[in-house]
Amino acid sequence: MLATHRPQLVRFFTGRTGSVAEAEDVVQDIWLHIATPVAGPIANPLAYLHRIGMNIVLDRVRASGRRVRRDGGYVEATVSVVGGESIDDTPSAFDAVAGRQRMAQLAAVLAGPPEGAMRVFRRHKIDGLSHAEVAAEFGISRSAVEKHIAVALRHLRKALDD
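Presented here is an overview of the structure given in this document. Values in this document were obtained by computation on a predicted structure and should not be read as measured data. (Residues numbered from 1 in each chain as written. Predicted model: local features only at pLDDT ≥ 70, side-chain atom pairs only at ≥ 80, totals over all residues. Heavy atoms only, no water.)

Some points on the side chain of His124
- Mapping His124 onto the fold places it in helix α5 (residues 115–126).
- Taking relative accessible area as the criterion, His124 reaches 18% and is therefore assigned buried.
- A distance of 2.7 Å separates a polar atom in the side chain of His124 from the backbone oxygen of Leu129.
- Here His124 is in contact with Leu129, Ser130, His131, Val134 and Ile149, once residues within four sequence places are set aside. (Helix = DSSP H or I, 4+ residues; strand = E, 2+ residues; numbered from the N terminus. Buried < 20%, exposed > 50% of the residue type's maximum accessible area, 1.4 Å probe, protein only. Polar contact = N/O pair within 3.5 Å; in protein donor to acceptor, adjacent residues only side chain to side chain. Contact = heavy atoms within 4.5 Å.)

Re the packing of aromatic side chains
- In the structure shown here, the tally under the stated rule is one aromatic pair.
- Between Phe12 and Phe13 the ring centres are 4.9 Å apart and the planes differ by 80°, which places this aromatic pair in the edge-to-face class. (Phe/Tyr/Trp six-rings, centres within 6.5 Å; stacked < 30°, edge-to-face > 60°.)

A short note on the environment of Arg119
- Residue position: Arg119 is located in helix α5.
- A relative accessible area of 41% places Arg119 in the partly exposed class.
- When the C-alpha atoms of Arg119 and Tyr74 are compared, they prove to be 40 Å apart, with 45 residues separating the residues in sequence.

A few points about the pairing of strand β2 (residues 85–88)
- When strand β1 (residues 79–82) meets β2, the two strands line up antiparallel, connected through four bridges. Bridging from a neighbouring strand, Ser80 pairs with Ile87 of β2.
- With antiparallel pairing between neighbouring strands as the criterion, β1 and β2 make up a hairpin whose turn holds two residues, including Gly83 at a positive phi of roughly 60°. (Pairing = 2+ DSSP bridges.)

Let's talk about the packing of helix α2 (residues 20–34) against helix α3 (residues 45–78)
- Where α2 contacts α3, the axes come no closer than 9 Å and their chain directions differ by 120°. Regarding the angle of α2 to α3, the classification is oblique. In this structure, α2 crosses over α3, and the sense of that crossing is right-handed. Residue-level contacts link Glu22, Asp25, Val26, Asp29, Ile30, His33 and Ile34 of α2 to Tyr48, Leu49, Ile52, Gly53, Ile56, Val57 and Arg60 of α3.
- Taken together, the residues that form the contact of α2 with α3 break down as eight nonpolar, two polar and four charged. (Axes fitted to C-alpha atoms, helices over the stretch in contact; angles between N-to-C directions. Parallel < 35°, antiparallel > 145°, perpendicular 65-115°, else oblique. Left-handed = near helix turned anticlockwise from the far one by under 90°. Nonpolar A, V, L, I, M, F, W, Y, C, P; charged D, E, K, R; others polar.)

So, in C-alpha cells, the structure goes:
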C-alpha cells in the first residue's frame, strides 16, 4: 500500500513541510511505523498513512520548536549582539589556558611567603571575615591586620607582574 501511494504521499507531505527531503523522511518514518503490526484491520489504509504522517510532521515541528528555544537560550546566554552582529563572549582557548595559568600562579603565591600576611589576606579577602574578626582570630590589632593585608597585596602585585 505504501509503495503504491508513495509519490502521492511525498507530494502531500512536501506541501506540509515545504521540503522534498523532509517529505521523503516523513514517508520513510511512516514505513518504519507501519513495520510493527497493528492490532486489527484498517478500514481506510490511505487515510491511516496520512494520519501517521501528519503525526510525524507534528512531532518534528514540536521538536524543531524545542530545539529553537533551547538554542536561542544558549545564544542569549553566551553571545552578545553589537550593531546587529553576534559576538561570542566565550574566551578563546589561548585566553582560557592563560587564565588557568594565572590562577595557578595566584594560588601558588597565596600559599607562599610571607605566611602571616597571606593567612590574614586569605581570611579577609577570600573567606570574607572583617578586619575585627581576623584580628580576634589571630590575636593581633586591627592595625596589624591592615598592615598584613598591605604586605600581602604588595607581594601579590610583585609576583603577578613577574
